Structures are given as structure tokens and as C-alpha cells.
Amino acid sequence: MKSKNLIDLENLSVKEILDIIDLADKIKANPSEYENACRGKILATLFYEPSTRTRMSFSTAMLRLGGNVIGFDNPQNSSISKGESFKDTLTVVGGYADIIAIRHPLEGAAEAAAMFSDAPVINAGDGGHLHPTQTLTDVVTLYNEKGRLDNLCIGLCGDLKYGRTVHSLIKTMSRFKGNRFVLISTPELTVPQYIKDVMNTAGCEFTEVSGLREAMGELDVLYMTRIQQERFDSDEEYQRQRGVFVLDNKKLELAKKDLRILHPLPRVDEISYEVDDDERAKYFAQTVYGMYARMALFMTMLNGDRSITEKRKSNGLFNALQCMNEHCITRHETYLPKRYREYGDMLVCEYCENTRKREFI
Amino acid sequence: MKSKNLIDLENLSVKEILDIIDLADKIKANPSEYENACRGKILATLFYEPSTRTRMSFSTAMLRLGGNVIGFDNPQNSSISKGESFKDTLTVVGGYADIIAIRHPLEGAAEAAAMFSDAPVINAGDGGHLHPTQTLTDVVTLYNEKGRLDNLCIGLCGDLKYGRTVHSLIKTMSRFKGNRFVLISTPELTVPQYIKDVMNTAGCEFTEVSGLREAMGELDVLYMTRIQQERFDSDEEYQRQRGVFVLDNKKLELAKKDLRILHPLPRVDEISYEVDDDERAKYFAQTVYGMYARMALFMTMLNGDRSITEKRKSNGLFNALQCMNEHCITRHETYLPKRYREYGDMLVCEYCENTRKREFI
Amino acid sequence: MKSKNLIDLENLSVKEILDIIDLADKIKANPSEYENACRGKILATLFYEPSTRTRMSFSTAMLRLGGNVIGFDNPQNSSISKGESFKDTLTVVGGYADIIAIRHPLEGAAEAAAMFSDAPVINAGDGGHLHPTQTLTDVVTLYNEKGRLDNLCIGLCGDLKYGRTVHSLIKTMSRFKGNRFVLISTPELTVPQYIKDVMNTAGCEFTEVSGLREAMGELDVLYMTRIQQERFDSDEEYQRQRGVFVLDNKKLELAKKDLRILHPLPRVDEISYEVDDDERAKYFAQTVYGMYARMALFMTMLNGDRSITEKRKSNGLFNALQCMNEHCITRHETYLPKRYREYGDMLVCEYCENTRKREFI
């Protein structure tokens, strides 16, 4: 890996992603060969918002490589959130641990963490922004279940507007040839324009449909996500529409025999329990693939001969400029240097990737 | 072990119990010989209600065998209780861990957990229903401290009506020859009829007495438990009666020299602190025996060549029938298939063992 | 170590402290040589008040020696604080673990813990009383950063009246030759008289100054601590005075090139973030030294051939006498035997070291 951190899966090359998939497969085939691969290493799981299962997946992955785990997952009860700045916590824990997995409700928090921690940082979810190990999990699952990452017809169902796992999966799968996307959602909750731009730029076809039933027959993969009730205009609208986005055995009758159903979990009611017994349902297997994906990631980040990147310093140019995203970490940890990269006539916040016009400066 | 899970100690044969006791003794005699017995194994402690000490006992046992531990013990703070169904959590964690110890406020939760988890499940307490590793702890303690499990005069004091550890200990000790029980309680809090039936069927004598003093002289074992104040009819009744159920040095003067005092802990005030220094007090030693008992159990469940039982499926016969126990897991996780076994003209819920007449169908 | 426990750093001889510093250095130089030094050992971290980072430091230290960790750090959510007495918890955990690190809001809690635990006890902070591993951290840092523990000019800045880490550091550094102290504080928040007595008795010079600026030039070491706003007489007084106790780059211009800046952390705003990049800032390095200090302490306590001290029993003489410090553990865990040592015409509580005149008996 070029960077010592994993903040955004976009930072990995296709080859680096394939290497991790390949290593995950090797570990899965012979777990006992890797039981000492991280012996003596310590993972810190810094979960500023609770996500018990994600934390368990990271912990299990490190323990199965012979390493150990410290951390917290209920900061409201801990002294961390009250007692000291984000910078101080990350600097100190970066001195204790060999690698850090951080989850935080604010966008850009993992990026900020990497500025202060000597230990490499993995983004385990920063607000609604990024969650790269979920997408790594998804591609490891796809590769194992479909045998390839290209020329797939991939349905994505649910809240495609706000779902960060959906956006990340589209961006990643657009990097492989011949993939086609079927976007299954209400008109209000379809993918944002920049995701359409990604698909267009990559030359990936996509269609938008308004229910599972009409899409089902052509899909190689169905990636289910939840639509939260509060996303609908009214309760009546919710009651009227929800059914067409719920996967059940009836709808599955229309599907291919080798369809694979994924879900980032947790599910609420968008997949009926009856589907669990269908052999095409792979959302539970997916969590096990996720464990192997994280094992491969740990080994790559801890044992690889990566060149440790210089800690970036602000160029000072835009230092007076406050990010306009109120969920950006820089709005809450005010000592953080403002950092923007220029993109055409836009400035992009290097923490949360919120964009603004240059003319506002 | 015939089953891959330990939900109810009744499911173990006397020989299986004796094998675990024997293994616990071997571990206790030579702990260092077993320090790698579970190397590479991961225990998940899923504690849906807090029980810090029970969790520490399980964790310590696994760590002393060279294994590792993941889990949670404050579900109200975690994403688990909110975010997903019991089924999904258990299915996923059963893919991460090699063995699961679950504690849950609802009855039958461990039984339900075993339906979904690929990893074997240990019941670490399901509401007021069962807590088999406590009873395993008790019999390991008795065997070590008395040298035998038969021909003992066993006093049980406190809330014998609701105390699940008392019921389980009576059921288990009734399987050994010549044991005699002295039930020390208020008339309102004596053992339920079905426990008397167990003793009668096994041919075990029992007597009921209304205070510690009159029982003390004949006991080989005294199993103390707490009587909660709210179990008494009034505060006056409580103040009047409580003294006769509190063990102190004065009452101990009436006891045999080789009496052994046990208590499942935590105690409130039913044993005076002064008793702690008496050599017959074994309730603290009991917790250490409990650690060895759990070590032996882990080894038996993880390394034995048990035949993994088929996941049971509902026969559908009584599937429309809701369990009448409102603390039954099936009342809260409504997707669970109803399962009953027939017992004479009764139906017994296979989760919480609540019984109902067949005629109600 | 003479005692099996570390309750108060005063109980260690200078030689014992130097031995720990020496071992910490050896571990730091060759960590891999020590990765199995505590293999098979279990640390219990019993944190009755949250202190996430202190707990992580202890945990990391044990894990890096090959040992393991159990424990809790949110007792309000756990069954511990509700369910059973301090004595019972410590007795039981002392049977599970090989060594215990305890933090508690009440003074004397670690002393009380050591009475009941078979496993050795480390005081990780008992209210405002003692926190010996912080001071051990401080001296390991000083020795490494200054090359010596004597003939140093040590500035201490902040709340010197209530700061337990300041008191402990002065007491410890007074045991080495030629150290001189500069006390930087408001008149209301200077060190208590008994700390002045310690310095006088040891023959250590000290001066009291009212701002960082006037002290800066002569210091070899600057130990920064926080002044809480509520310690000032009024908000105006706080706003007027706070600036002189805040360290920034401007004030650092007056300092020696080989000054070393320490801070027990967490900091609030008493050190500007800009100082972090100064090479003299060692408060983050200090936390890493703290990890090595704790590793050395674990090895010394677990592997040394210490003579296990008898559990002390009260002599009964002053048993009717209640300690006058309402934060003393004996006021809350009322079964604890009262224990005083005589000191001139005073009695000193052996738990919290609160003193009272003998005539009051």
C-alpha cells in the first residue's frame, strides 16, 4: 500500500485491492498458517460511537492473527470524550498501539486521526462519509461468490442517496470492466449526481427502477440496504411504497439461480427472515468474508514494506476558511489545520470532502 | 457430550458430569499443562444483561487455556440491542467465534441462540430459568471439598421458590445416591411442587424447616442464598423473620466440623462477614472451582469429538400456539418458530419449559 | 519489592525505584526479549471510575509482556457496584487474576483492596489520594530525558494544592540529591504545608513564584498541570490570572534548550497546541515511558521473589474510631476494620492517611 493508512478505498489501486482479496483467500484456505502473523501486535479499536459488531469483526480478525486488542466503544461513559482533545487521545494511543481502527460520528475524523497517530489508522466509519472495510468486505464476498469482479449486473436497493456503503461499492466496482448497475429506489432516494458521474466516466451502464420485482430477473448480485421510514414524505407514502423494496421468497422466484444477495447489516425488515434459508442469501457469509478481509488488511498494513507517508501540513493558503459541512471534524476540533485540495474552480475539504466554490474565498 | 450446546445441565449424563469434574481436577492440579489447550480459539461473551463477575469467570477460564475473548456486556450502550434481531446477532457472532457464552434476561434465549449459531452455545443464565455452569461450579466444589457427591445431607437456605440455582442443584444432586435435602425457608418460599416431585421420584429424602438453627447440626453442606426483602408479605414480617435465615458465627457453633458452606454469590447480608474467616466457608473458593469447571467445559465442548446435532426445525404442529410465559424469548423475538414437546397431556415450550394443557389448542 | 502491593510509591526504596527504571530501560531497548515475560498471567483492571487512557496503558503493558487482561471500567453499568460489597468483589477477582490494578473514587480503596485480594494490588488512583504509577512514569521519563534524577531544577505549575501527581513527584524527587523546586501557582493554590515539610526535611531548596514567565529561565524540567476554573475566587479573577499559567511558544523562548516539559495528561488548555511541535515537549513521549514503567512494574511484582506480607489485622485499639475524611473508603464500606498508626500525638488513618489528634479518642 502506498499510504500507511486506509481512510478511503479510493486510495488503493486496483492491484492493491486484488492483492488483499488474494491474501484473504489464502488465509481463509489455511487459517492456521496465519495464527501468528500478527503475534505481538496490538490493535486499538477507538469507537466514538457504538458499533458492537463492527468492533467484534476487527477484534476477531486481530486475535485470529495472534495479536491483541485494546480500546473502547462507549465514549459517553469513558473519560475520553470529556477529558481531552481528539488530538491528544490519538497521539497517545498511537504510541501504545501498532494499528488503530477508528469509528467516529463526525466526517473526516479518520483523516484527522491519521495526522496525529504514529500507528497506521483504519477508517472504520466516519459519520455518513466513508467505511472502506465494508466495501473491502463486499468485494471479497463478490470475488469468492461470483468468481470475478467484472461483467456483473449489480442491483443496489434501498436508500441510495445517503447510503455510504452503496456509494463506495459503486465507486469501487466501476473500476472493474463491464459492470452494470441497476439502481432500485424511490425517485427521492436515488444516488447523488456525483455517483452517476463516476459511473458515466467509467463507462458503466446503469438503469434506475422503482421496485425489486422489475429488476430481479437480470441481476447477478443484489445488494440490499435499508430505507429508513423517516426518509419518506409521509407515513402513508411509507406504508404504500415499502413493500416494493422488501425482499421475500416470492420476489426471489424471479431471480437467477446464481444470484448472490448481500447486505452490509444490520438489517431491519428489508429482507424477510424466510430468505435466510435460500442458498442465494450470502449476507451472513459476507460477515465471515469481512473477517478474512480485515485479517488480510492488517497483515498488509503491518507487515508490508509501505513507505510511511509524511504527515501533511496545511499549506496555510486556505487556513482561514471554515469547512461548510457542520458534521466535519474540523468544526468540532477547532485546532485542526484547515486543508483543501483544489479541484477545478472548487475547493475540496481534505477531511470530509465537502466542496465549495473558490470564489467564496 | 451428546449435544454441541450446554443449555440445561439435565442434558448431560451423570458420566458426562463426572468427566467434567475429573478434567477440572486435572487442570487444577497442573494448570500449566493446559495453558495451550484452547490456543487459537475465541470465546464470545454475549451478555444482554450485565453480570460482570460471571463474565470475568468465563473470560479468565478461556484466557488460562490460551484462547481469547470478544463480546459485550452493556447492550443498552451497544448497537446490538437496538440495531438488529437476536437471530442476526447470533448468526453473525457464531461465524466469528468458536464458542459462545450467552446471558439474557429472557427465558429460552440460550435455546434460541443455539438454533442460529454455528458455534456451540453455553447458557450463562437465561432470566430466571437456567444457569447450568453455576451448578457445574457447585458440584465441582462439592466433589473437591467433600470427596464425594453421594450420601450427603445438603441444606438449602433462602428463597427456594424462585432460586434457579437451588432448583438446578437439587435436580443434579438427586441423580446421585443417598443424598438428603433440608429445605430451610419460609412456608411461602419453599421449593415448587415439581422440585419435590424430582426428589420423590429419585427416592431422595427431604425435610422442610423454618430456620437455620434447627437444621444446622445435621448438615454436611449448607447452600446459602438470598431472600429478597420484597418476597415477604410486609416489612414487619421481613424484620421479624430475616434473622433466622442469616448465617453467623453463633449459629455455626451448632454445625459439624466438616460442614462446607457454599453460596452462588453475590451475597447481600445473608452471611455475616465474620463467617468469612471460618475454615468451613467455601463460597470464595467456590468461585475458583467455577473457573476450573468452565475451563473443563470449554475443553470438552471444543475438543471433544461430539456429533454436532442437527438444527432442530419446528414440526409445525403447534406453530400457531404462543407460549404463555411473557418472559419467554419467543414472545419478544416473534420470528422464532414455536416448538413444543409433548409430555402426557401437557405441552412444554422447548425454549422456556413453560407448560400448558393440550386441550387449549 | 518488600511489599507485594504498590499502594504508595513511598513504600519503595530508592533502590527499588532505580531497579524499576533500569528494567524499564532494558525493555524499551529490546521489547521483543520480553514479549513472553508475563505469558500466562492475567491482569484485572478494576476501574470503579472511568479512566480510559490509564486503563489502556495498563492493558497495553500487560499484553506486550504476553499476558492477558480482564476487568471493567464502567461500574455504573456493571453489576459490580450494585450487586456486592467491595470486599467480595476483590476477594473473588483476586482468585481469578494474577495481579490487580484498581482505580476508585474513594481514598484508601487500594489499601482496602490489598487486604482482601490474594493477587498483588497496584493502586491506579484512589480519589485525590495517590497515583503511584503516574509518578513512576514521571521518574522514568526524567531519567531517560535528563540522564539523571538528581541536581535538577524542577518547575511545577498549576494547581499545586490539590494535585496529587505534584505532591507525589515532589516527595519522590526529594529523595534524590540536589534537586530544587520552583512552585508556580496562585497563592491560594500553592502546595500544602506537609509538602513543604518534606522538602525542608530533605534539604531541598524551593521557591514560590506567581507565573511561568519569571521561572522559565532556570528550569531543567517543567511539570505542567491544570488549574480548574472553579479554583479561582471569581470568573474575573480566572480570566485575569489564567494567562500566566498557560505555556505557549512565546514563554518557551525564555527557556533553556534542554528543558523538558512533562504533563500527566489529560491537558485542557494549559499548554497551547503550538508547543506540541517543540522538541522540548515530552508529554506524549511520557505516556510511552509510562507503558514501559508499567511493564517493568508488572515483571517486578509478578516474577520477583518478594516476601508476601501478612495481611494486616486491626489491633482493635482504635476500632471504634471513624475516620473523619468523608471520602475515605472506610466511611462507605463499613465492615472494614478501622486501622490507625500513631505519629507523635496524631493518629493517621492507614487507608486514606487522614490525620487526627489522639486527644479526640
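Residues numbered from 1 in each chain as written. Chains lettered and ligands numbered in written order. Predicted model: local features only at pLDDT ≥ 70, side-chain atom pairs only at ≥ 80, totals over all residues. Heavy atoms only, no water.

K.L.:
Honestly, the overall build of chain A in this entry has me stumped. Any pointers?
P.N.:
Broken down by element type, chain A carries 12 helices and 12 strands. The C-alpha radius of gyration of chain A comes to 21 Å, within 12% of the 21 Å expected for a compact globule of 361 residues. Considered along the principal axes of its C-alpha atoms, chain A spans approximately 55 × 55 × 40 Å. Counting only residues that meet the buried cut, chain A has 61% of its 361 residues in that class. Of the contacts formed within chain A by residues at least 6 apart in sequence, a portion of 69% connects residues at least 24 apart. Of the accessible surface of chain A, which amounts to about 14,200 Å², a share of 45% is contributed by carbon and sulfur atoms. (Helix = DSSP H or I, 4+ residues; strand = E, 2+ residues; numbered from the N terminus. Rg over C-alpha atoms; globule rule 2.2 N^0.38 Å. Buried < 20%, exposed > 50% of the residue type's maximum accessible area, 1.4 Å probe, protein only. Contact = heavy atoms within 4.5 Å. Areas by Shrake-Rupley, 256 points an atom, 1.4 Å probe, with all protein chains shown as cover.)

K.L.:
Just to check I follow, could you spell out the relation of the copies chain B and chain A for this structure?
P.N.:
Two chain copies, one operation linking them: a rotation about an axis together with a shift along it. Expressed as a screw transformation, the operator carrying chain B onto chain A has a rotation angle of 120° and an axial translation of 0.1 Å, and the superposed copies differ by an RMSD of 0.0 Å. Taken together, the rotation and translation relating the two chain copies correspond to the operation of a three-fold axis. When the interface residues of chain B are mapped onto chain A, a mere 15% of them are again interface residues, pointing to distinct binding faces. (Least-squares fit on C-alpha atoms with pLDDT ≥ 70 in both.)

K.L.:
I would appreciate a short explanation of the pattern of salt bridges in the present structure.
P.N.:
Where charged atoms of side chains with opposite charge meet at close range, the side chains can pair. What the rule picks out here adds up to 56 salt bridges over all chains. Linking R180(B) and E218(B) is a salt bridge whose minimum nitrogen-to-oxygen distance equals 3.2 Å. Placement of the pair is R180(B) in strand β6 (residues 180-184) and E218(B) in the loop between α9 (212-215) and β8 (221-224), with a sequence separation of 38 residues. Among the residues examined, E218(B) registers a relative accessible area of 31% and is labelled partly exposed. Across the salt bridge formed by D258(C) and K146(C), the nearest N and O atoms sit 3.8 Å from each other. (Salt bridge = Lys/Arg side-chain N within 4 Å of Asp/Glu carboxyl O.)

K.L.:
Explain the side chain of S174(A) to me, please; I cannot follow it from the model alone.
P.N.:
All names here are of chain A. Mapped onto the elements of the fold, S174 is located in the loop between α7 (164-173) and β6 (180-184). What makes S174 buried here is its relative accessible area of 8%. Setting aside its immediate chain neighbours within four residues, S174 contacts F181, V198, M199, A202 and C204.

K.L.:
Please clarify how the relation of the copies chain C and chain A should be interpreted in this entry.
P.N.:
When chain C is fitted onto chain A, the two copies agree to an RMSD of 0.0 Å after a turn of 120° and an axial shift of 0.1 Å. An overlap of only 16% is found between the interface residues of chain C and their copies at the interface of chain A, pointing to separate contact surfaces.

K.L.:
I keep staring at the sheet that holds strand β11 (residues 346-349) of chain A and nothing clicks. Help me out?
P.N.:
All names here are of chain A. Spatial ordering of the open sheet is given by β10-β11-β12, a layout of three strands whose pairing is antiparallel. The outermost strands of the open sheet, each flanked by one partner alone, are β10 (340-343) and β12 (355-357). Direction aside, neighbouring strands of the sheet carry axes that sit 30° apart on average. (Pairing = 2+ DSSP bridges. Axes fitted to C-alpha atoms, helices over the stretch in contact; angles between N-to-C directions.)

K.L.:
What's the story with the packing of helix α6 (residues 132-146) of chain B against helix α7 (residues 164-173) of chain B in this structure? I'm lost.
P.N.:
For any two helices packed against each other, one specifies the inter-axial angle together with the distance between the axes. Residues and elements named next belong to chain B. Contact geometry for α6 and α7: axes closest at 9 Å, N-to-C directions at 55°. What the angle tells us is that α6 and α7 run oblique. Classified by chirality, the crossing of α7 by α6 is right-handed. Only T165, S168, L169, T172 and M173 of α7 make contact with α6, whose side of the interface consists of Q134, T135, D138, V139 and L142. Residue composition of the contact of α6 with α7, by class: four nonpolar, five polar and one charged. (Parallel < 35°, antiparallel > 145°, perpendicular 65-115°, else oblique. Left-handed = near helix turned anticlockwise from the far one by under 90°. Nonpolar A, V, L, I, M, F, W, Y, C, P; charged D, E, K, R; others polar.)

K.L.:
Help me understand unusual backbone geometry in this model?
P.N.:
When glycine is set aside, most residues are seen to have a negative phi, and most peptide bonds are trans. With an omega of -5°, the peptide bond running from L265(B) to P266(B) counts as cis. In the Ramachandran plot, E353(A) falls in the positive-phi region, its phi being about 65° despite a non-glycine side chain. Along the chain, E353(A) falls in the loop between β11 and β12. Under the relative-accessibility criterion, E353(A) is labelled partly exposed at 29%.

K.L.:
Sorry, what's going on with the interface of chain C and chain A here?
P.N.:
Note on interface size: it is often stated as the accessible area lost on association of the parts. Contact residues are listed per partner, giving 25 residues for chain C and 27 residues for chain A. Of the roughly 2,200 Å² buried between chain C and chain A, counting both surfaces, carbon and sulfur atoms make up 55%. Three residues stand out in chain C for area buried against chain A, namely M56(C), R64(C) and Y273(C), and they jointly supply 26% of the buried area on that side. Taken together, the connections running from chain C to chain A amount to four salt bridges. The shortest N-O distance in the salt bridge between R53(C) and E84(A) comes to 2.8 Å. Seen at the junction of chain C and chain A, the total is eight residue pairs in polar contact (both at pLDDT 80 or more). (Buried area = accessible area lost by both parts, 1.4 Å probe. Polar contact = N/O pair within 3.5 Å; in protein donor to acceptor, adjacent residues only side chain to side chain.)

K.L.:
How should the confidence of the model for chain A be read in this particular structure?
P.N.:
Regions with low pLDDT carry predicted coordinates that are not meant to be interpreted in detail. Residues and elements named next belong to chain A. Per-residue confidence for chain A averages 90 on the pLDDT scale, and 92% of its residues sit at or above 70. Per-residue pLDDT stays below 50 along residues 305-314; that stretch engages in 21 contacts with residues further than four places along the chain or on separate chains. Interface scoring of the predicted complex returns ipTM 0.91; its pTM is 0.93. (pLDDT = per-residue confidence, 0-100.)

K.L.:
How do you make sense of the domain arrangement of chain A when you look at a structure like this?
P.N.:
Residues and elements named next belong to chain A. Domain boundaries assigned for chain A yield domain 1 (9-130 + 289-302), domain 2 (132-286) and domain 3 (314-361). For domain 1 and domain 3, the distance between their C-alpha centroids amounts to 26 Å. Facing 14 residues of domain 1, the contacting portion of domain 3 comprises 14 residues. Taken together, the two surfaces of domain 1 and domain 3 that pack against each other cover about 1,100 Å², and 63% of this comes from carbon and sulfur. The largest per-residue losses of area from domain 1 upon contact with domain 3 belong to L106, E107 and M115, which jointly make up 45% of the total buried on that side. (Domains from an automatic or database assignment.)

K.L.:
Quick question: what am I supposed to make of helix α8 (residues 193-202) of chain B here?
P.N.:
Residues three or four positions apart in an α-helix share a direction because the helix packs 3.6 residues into each turn. Residue and element names in this part refer to chain B. All of the buried residues in α8 are I195, K196 and M199. Projection of α8 onto a plane perpendicular to its axis shows the buried side chains occupying an angular sector of 100°, all on one side. On its buried face, α8 is in contact with α7, β6 and β7 (206-209). Two residues or fewer past α8, G203 is found with a positive phi of approximately 75°. (Arc of directions from axis to C-beta.)

K.L.:
Mind showing me how you'd approach the sheet that holds strand β2 (residues 68-72) of chain B here?
P.N.:
Sheets are built from strands paired through backbone hydrogen bonds, the pairs being either parallel or antiparallel. Residue and element names in this part refer to chain B. An order of β2-β1-β3-β4 is seen for the four strands of this open sheet, with the pairing classed as parallel. The open sheet terminates on both sides in strands that have one partner only, identified here as β2 and β4 (121-126). Shown here is a sheet whose adjacent strand axes are inclined to one another by a mean of 15°, direction ignored. Contacting β1 (42-47), β2 and β3 (99-104), helix α4 (residues 86-96) runs over the sheet at an angle of about 150° to β3. Each of β1, β3 and β4 touches helix α12 (residues 283-303); the most contacted strand, β4, lies at about 140° to it.

K.L.:
Would you mind going over the packing of aromatic side chains with me for this structure?
P.N.:
Aromatic rings in a pair are described by how distant their centres are and how their planes are angled relative to each other. One pass over the full model with this rule turns up 18 aromatic pairs over all chains. Here the aromatic rings of F58(A) and F298(A) are separated by 6.2 Å at their centres, their planes lie at 55°, and the arrangement is tilted. Of the two residues, F58(A) sits in helix α2 (residues 52-64) while F298(A) sits in helix α12 (residues 283-303), which places them 240 residues apart along the sequence. With respect to class, F58(A) is no different from F298(A); both count as buried. Taken together, the aromatic side chains of Y48(A), F72(A) and F86(A) make up a single cluster linked through ring pairs. The ring of F58(B) carries the charged tip of R294(B) above its face, separated from the ring centre by 4.7 Å. (Phe/Tyr/Trp six-rings, centres within 6.5 Å; stacked < 30°, edge-to-face > 60°. Lys NZ or Arg CZ within 6 Å of the ring centre and 35° of its normal.)

K.L.:
Please explain the pairing of β6(A) as it appears in this structure.
P.N.:
On a regular strand, each side chain points to the face opposite its neighbour's, so the side chains alternate between the two faces of the sheet. Residue and element names in this part refer to chain A. Within β6, four of the five residues are buried, leaving the element largely enclosed by the surrounding structure. The pairing of strand β5 (residues 153-157) with β6 spans five bridges and is parallel. Bridge pairing links I154 to F181 in β6. In this view, the connection linking β5 to its parallel neighbour β6 by way of α7 has right-handed handedness. Note: β6 against strand β7 (residues 206-209), four bridges, orientation parallel. What sits directly across from V182, in β7, is T207. Taking the sense of rotation as the criterion, the β-α-β connection linking β6, helix α8 (residues 193-202) and β7 turns out right-handed. (Right-handed = clockwise from strand over helix to strand, strands pointing away.)

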